[in-house]
Amino acid sequence: PNPIDTSFFCPQHRTEAHPESCTFLLPTDLGPVKAQETAIRAFARLTRKHHAKLILLRRHTSRERWFESLIAALGCEKQVVWIDSLPARDSMGWPVPQSRMKELYYEADAVLDQFRIGSIGQTALEAMACERPVITFCSQKTMRAYPARPPIMNARTEEGILEQMTRVCERD
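Residues numbered from 1 in each chain as written. Predicted model: local features only at pLDDT ≥ 70, side-chain atom pairs only at ≥ 80, totals over all residues. Heavy atoms only, no water.

Caption draft 1: Region of interest: helix α1 (residues 36–46). Of all eleven residues in α1, nine are buried, a share of seventy percent or more. If you check which residues of α1 are buried, you get Q36, E37, T38, A39, I40, A42, F43, A44 and L46. Elements that come into contact with the buried residues of α1 comprise β1 (22–26), β2 (52–58), α2 (62–74), β3 (80–84), β4 (110–112) and α6 (158–169). (Buried < 20%, exposed > 50% of the residue type's maximum accessible area, 1.4 Å probe, protein only. Helix = DSSP H or I, 4+ residues; strand = E, 2+ residues; numbered from the N terminus. Contact = heavy atoms within 4.5 Å.)

Here's what the structure looks like:
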């Protein structure tokens, strides 16, 4: 069964299109398991050629301080927006209320998920239900488990992520 409530996470077309800029949402935990530092490095490179914004969720962890330092060292801190999560998980166990997550999906031109694990998780499924492009890594083994190819922009390396982000910004 589909774990996503598609009556809640559903398509909504943007009324305010900003063709001169693009917004990326990276809503997953910033930890070593998902390799988001690779996406942040790609984003920093992207900002040299494109006007872009990256939204990150702040969960007040020590790992976030490392990411803040990385973002500053890459010189893209003005293009990064931190959104505070709840001090504790809500009644459903979410660090950010689902209503707020849905708003963030709608704000994004594309959602960045994980780049090491090789499977499609909750974040990617919610974003796809909202008809947002998802840039993530899905292994060939996982891809074969689906009856049809999932509608993702598959990338694993910094170069591959940058290529997919560029496609989003250039509306390819």
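Caption draft 2: Inspection of the nonpolar core at higher detail. Among the nonpolar cores identified, the biggest contains 30 residues, and F24, F43, L54, L112, I135 and M165 are the most heavily contacted of them. In terms of residue count, α1 provides more of this core than any other element does, six residues in total. If you look at the next biggest cluster of nonpolar residues, it comprises 23 residues, including I83, V96, Y106 and C130. (Core = buried A, V, L, I, M, F, W, Y, C linked by side-chain atoms within 4.5 Å.)

Caption draft 3: Fine view of the pattern of salt bridges. All told, the structure shown has eight salt bridges when counted by the stated rule. Across the pair R45 and E159 runs a salt bridge whose closest N-O atoms are separated by 3.0 Å. A residue pair is termed long-range when its members are at least 10 positions apart, and R45 in helix α1 and E159 in helix α6 qualify at 114 residues. By relative accessible area, which is 47% here, E159 ends up partly exposed. Residues participating in the shared-partner salt-bridge network are E37, R63 and R116. (Salt bridge = Lys/Arg side-chain N within 4 Å of Asp/Glu carboxyl O.)

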